[in-house]
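Examining the three-dimensional arrangement
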Amino acid sequence: MDATTAPHRIPPEMPQYGEANHVFELMQNMLEQLLIQQPKDPITFMIEHLQRDNDYVPKIVILGPPASGKTTIAMWLGKHLNSNLLSVESLIAKEYSSLAASARTHYQKFQTLPNMLLVRLLQERLREEDCVRRGWILDGIPETREQALLIQTLGVSPRHVIVLSAPDTVLIERNLGKRIDPQTGEIYHTTFDWPPESEIQNRLIVPAGISEGETARRLLEYHRNIVRILPSYPKIVKVITADQPCVDVFYQALTYVQTIHRSNAPFTPRVLLCGPVGSGKSRQAALLAQKYGLVNVCCGQLLKEAMADKSKYGEMIQPFFEKETAVPSYVIMKVLKQRLDQQDCVERGWVLHDFPRDRDQACLMDSMGYKPNRVFFLNVPYDSIIERLTLRRTDPVTGERAWALGLSAAPGPS
Amino acid sequence: MAVTLRGRLATSQFGAMEAKSSRELQARNYLEKHRIMELLTYLTSALLFSRPEKPREYLISILEQLRTAKVSGMAFPFFMDNSNITAMFQMLDSSNKGSISFIQYKEALKTLGLCTADEVLKDDGHGITCEKFMLEVNKKTQEICGKTKGKDSESYRSAAELLLLH
């Protein structure tokens, strides 16, 4: 077998660096943009893309029935994330654009916009520098499935889609109390969101189209459309109920928007299980190793194996075991290092328990370069531990543990 | 499947819009024409091998080097010299009989990015010796180099994605 077909020995620093710097996501984003834009000169495009560094700017779509609070939430999110808010009104109101001017005339006559015009307006706006740098939040766009498809073919894809929902009766009633401040454009409500300053109160006007009949008609149309829009965004939709105080809705939306979706990056788990004696570490480690194909590294076991093999580390450890004192950390670390550097640990990942036992050992392990990426602390109350340990029995032949009184597992909390 | 369904819906509603499957073909052709996947593989391996503190700046510097090499037609900074070619031949010829089989030769050229999977190479039945290997590699690299000179060239040297790890 010549060198080109033999398996490569990959030093563990490489996957660790890749995970720490999110190399996979970086390349994936770059490839996505290359495929969408298909520039004539890919190298210059890639240089510009890397310099822009806007992989994680907000790209949010907020959908919901009328009176659900979309615009309010969108505005608050925009202020909080320092991002741009785009809605049909804001797109039409744009100055210095011939598209926007023609859109305005159309809207005045027919109260709606043709899909293609709206999408082209959107495309124009999204190309501007501030949207590229700070991201965007779409309020109520796309309104129909055709718009969703058109947006998709342009290569615009949001990372988070929030759908507000509430029962129709609540919405119809809520809409009756809607008031708008003509100066700032903010939306207030007579019952739920009344501005404290009296000068704003005096300014507020009643917007058109909030009668019950009108709202009911718009709700019907919304329900017809939303069902066909949602399948365009599988996996990134979150439905938040709008029938709660707007601050709660806002916090839920904000938490969701700040989560990063799971990526397809290759991931080797390096799990650390900590916990007191009797908390079930070795059993959990065995189960994890079996389920995910990891290597189960039990420190106590390693040391005993080293002694049984009579390796040079085994000789060092022997006297400590005989005197029943703790083995010094640096010896344990050497044995552990030998095990963790082996190819199967590097490739499949490992689950480690029984080490480190104190802060110094943890620092030592960290400095040697073995950084776990998942750490679990198994928390068991003191009484349960006593109970478990007194009932624990070990089968000397198989080495398995069992519990007295015929229990198949450790007793649970009483 | 949902993608092609949506594409068909789209074509039924908007005749001017292309179906999704032809866009997919277009995308694939684009990838092949500019050899994007080889470039990305090369960038990723360079990044993982050198592990710089600032990955974006490092990637930008590699890309700029590539760009100047392409524009000026200068010798590409990561070009494989004759000692590398000999070393590679020796790795392939593990039993030291002095020649490698045709299949090995073709695989090696594919790894270097000097020939595509369906290119037909002459097999004269004698096996490839070291000198012949070196000659062919140099010849093919010159060919690809020749294509990169000039403003309207679109391919660039993918001898770049060399075995940095070996």
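Quick look at the structure, then. Nothing here was measured: the structure is a model prediction, and the numbers come from that model. (Residues numbered from 1 in each chain as written. Chains lettered and ligands numbered in written order. Predicted model: local features only at pLDDT ≥ 70, side-chain atom pairs only at ≥ 80, totals over all residues. Heavy atoms only, no water.)

**Considerations on the overall build of chain A**
Secondary structure assignment for chain A yields 20 helices and 13 strands. Residues classed as buried in chain A amount to 41% of the 414 residues present. Intrachain contacts of chain A at a sequence separation of at least 6 include 69% that bridge at least 24 residues. Of the accessible surface of chain A, which amounts to about 23400 Å², a share of 54% is contributed by carbon and sulfur atoms. (Helix = DSSP H or I, 4+ residues; strand = E, 2+ residues; numbered from the N terminus. Buried < 20%, exposed > 50% of the residue type's maximum accessible area, 1.4 Å probe, protein only. Contact = heavy atoms within 4.5 Å. Areas by Shrake-Rupley, 256 points an atom, 1.4 Å probe, with all protein chains shown as cover.)

**With respect to helix H4 (residues 70-81) of chain A**
Working note: α-helix, 3.6 residues per turn, so residues spaced by three or four point in the same direction. Residue and element names in this part refer to chain A. When the terminal C-alpha atoms of H4 are compared, their 16 Å separation across twelve residues agrees well with the 16 Å that a helix rising 1.5 Å per residue should span. Looking at the packing, one finds that the buried side of H4 touches strand S1 (59-63), strand S2 (84-87), strand S3 (136-139), strand S4 (160-165), strand S6 (187-189) and helix H13 (246-257). Trailing H4 by a residue or two, asparagine 82 shows a phi angle of about 55 degrees, which is positive. (Expected span 1.5 Å × (residues − 1).)

**Looking at the environment of cysteine 274 of chain A**
All names here are of chain A. Locating cysteine 274 in the fold gives a position in strand S8 (residues 270-274). Put simply, cysteine 274 and proline 356 are 82 residues apart on the chain and 8.1 Å apart in space, counted from C-alpha to C-alpha. Sequence-distant contacts of cysteine 274, that is, excluding residues within four places in its chain, are made with Lys281, Val375, Phe376, Phe377 and Leu378.

**Focus: the nonpolar core**
Formed by 51 residues in total, the largest nonpolar core has its most connected members in Ile73, Leu77, Leu86, Leu113, Leu122, Trp136 and Ile141 of chain A. Leaving out residues up to four positions away in the same chain, leucine 77 of chain A has contacts with Ile62, Asn82, Ile137, Phe250, Ala253, Leu254 and Val257 of chain A. Met27, Ile43 and Phe45 of chain A together with Leu59 of chain B belong to the second-largest nonpolar core, a separate cluster that totals 26 residues. (Core = buried A, V, L, I, M, F, W, Y, C linked by side-chain atoms within 4.5 Å.)

**Brief notes about the packing of helix H16 (residues 312-323) of chain A against helix H17 (residues 329-340) of chain A**
Residue and element names in this part refer to chain A. For the pair H16 and H17, the least separation of the axes is 10 Å and the interaxial angle reads 150 degrees. Taken together, the axes of H16 and H17 lie roughly antiparallel to each other. In this structure, the crossing between H16 and H17 has a hand that is left-handed. Side by side, H16 and H17 meet where Tyr313, Met316 and Ile317 of the first sit next to Val331, Lys334, Val335 and Gln338 of the second. Taken together, the residues of the contact of H16 with H17 break down into five nonpolar, one polar and one charged. (Axes fitted to C-alpha atoms, helices over the stretch in contact; angles between N-to-C directions. Parallel < 35°, antiparallel > 145°, perpendicular 65-115°, else oblique. Left-handed = near helix turned anticlockwise from the far one by under 90°. Nonpolar A, V, L, I, M, F, W, Y, C, P; charged D, E, K, R; others polar.)

**A word on the pairing of strand S10 (residues 350-353) of chain A**
All names here are of chain A. With burial as the criterion, each face of S10 is covered, one bearing Trp350 and Leu352 and the other bearing Val351 and His353. The pairing of S8 with S10 spans four bridges and is classified as parallel. Across the sheet, the residue bridging to leucine 272 is leucine 352, located in S10. Where strand S9 (residues 295-298) meets S10, four bridges bridge the pair, whose relative direction is parallel. Opposite valine 297, over in S10, you have leucine 352 as the bridge partner. (Pairing = 2+ DSSP bridges.)

**So, the pattern of salt bridges**
Residue and element names in this part refer to chain A. Tallied over the full model, the rule gives 16 salt bridges over all chains. Residue glutamate 124 pairs with lysine 94 through a salt bridge whose shortest N-O separation is 3.7 Å. Residue glutamate 124 is located in helix H7 (residues 115-126), and its partner lysine 94 is located in the loop between helix H5 (88-92) and helix H6 (98-110); the two are separated by 30 residues in the primary sequence. A relative accessible area of 30% places glutamate 124 in the partly exposed class. Lysine 94 gets classed as buried once you look at its relative accessible area, which sits at 18%. For the salt bridge of arginine 125 with glutamate 128, the shortest nitrogen-to-oxygen distance reads 2.9 Å. Arginine 125 gets classed as buried once you look at its relative accessible area, which sits at 15%. (Salt bridge = Lys/Arg side-chain N within 4 Å of Asp/Glu carboxyl O.)

**Topic: unusual backbone geometry**
Residue and element names in this part refer to chain A. Following isoleucine 141, the chain continues to proline 142 via a peptide bond in cis, the omega torsion being 0 degrees. Tracing the chain through its elements places proline 142 in the loop between S3 and helix H9 (145-153). Note the cis peptide between phenylalanine 355 and proline 356, where omega equals -5 degrees. With respect to the helices and strands, the residue proline 356 is situated in the loop between S10 and helix H19 (359-367). The backbone phi angle of histidine 22 is positive, close to 55 degrees, even though this residue is not glycine. If you trace the backbone, histidine 22 turns up in the loop between helix H1 (13-20) and helix H2 (23-37). Backbone geometry places aspartate 354, a non-glycine residue, at a positive phi of 85 degrees.

**Some points on the packing of aromatic side chains**
Residues and elements named next belong to chain A. Applying the stated criterion to the full structure yields two aromatic pairs over all chains. A centroid spacing of 5.6 Å and a plane angle of 85 degrees characterise the contact between tryptophan 76 and phenylalanine 250, whose relative ring orientation is edge-to-face. A residue pair is termed long-range when its members are at least 10 positions apart, and tryptophan 76 in helix H4 and phenylalanine 250 in helix H13 qualify at 174 residues. With a centroid separation of 5.6 Å and 55 degrees between ring planes, the pair formed by phenylalanine 250 and tyrosine 251 is classed as tilted. Joined through ring pairs, the aromatic side chains of Trp76, Phe250 and Tyr251 make up one cluster. Directly above the aromatic system of tyrosine 313 lies the positively charged group of lysine 312, at a separation of 4.5 Å from the ring centroid. (Phe/Tyr/Trp six-rings, centres within 6.5 Å; stacked < 30°, edge-to-face > 60°. Lys NZ or Arg CZ within 6 Å of the ring centre and 35° of its normal.)

**Considering the sheet that holds S3 of chain A**
Adjacent strands of a sheet pair through backbone hydrogen bonds, lying either parallel or antiparallel. Residue and element names in this part refer to chain A. Read across the open sheet, the five strands follow the order S2-S3-S1-S4-S7; overall the sheet is parallel. Only two strands of the sheet have a single neighbouring strand rather than two, namely S2 and strand S7 (237-241). Averaged over all neighbouring strand pairs, the angle between strand axes comes to 20 degrees, with direction disregarded. Of the pairings in the sheet, the one linking S4 to S7 comprises five bridges and is parallel in character. Across the sheet, valine 161 pairs through a bridge with valine 237, a residue of S7. In the packing of H13 onto the sheet, the strands contacted are S1, S4 and S7, and the crossing angle to S4 comes to about 160 degrees.

**Here's the deal with the interface of chain B and chain A**
The interface of chain B with chain A comprises 38 residues on the first partner and 37 residues on the second. Around 3700 Å² of area is buried between chain B and chain A when both sides are counted, 71% of it from carbon and sulfur atoms. Taken together, the connections running from chain B to chain A amount to two salt bridges. Between arginine 56 of chain B and aspartate 53 of chain A there is a salt bridge, with the nearest N and O atoms lying 3.1 Å from each other. Run the count over chain B and chain A and you get six residue pairs in polar contact (both at pLDDT 80 or more). (Buried area = accessible area lost by both parts, 1.4 Å probe. Polar contact = N/O pair within 3.5 Å; in protein donor to acceptor, adjacent residues only side chain to side chain.)

No statement about biological role is implied by the geometric values presented.
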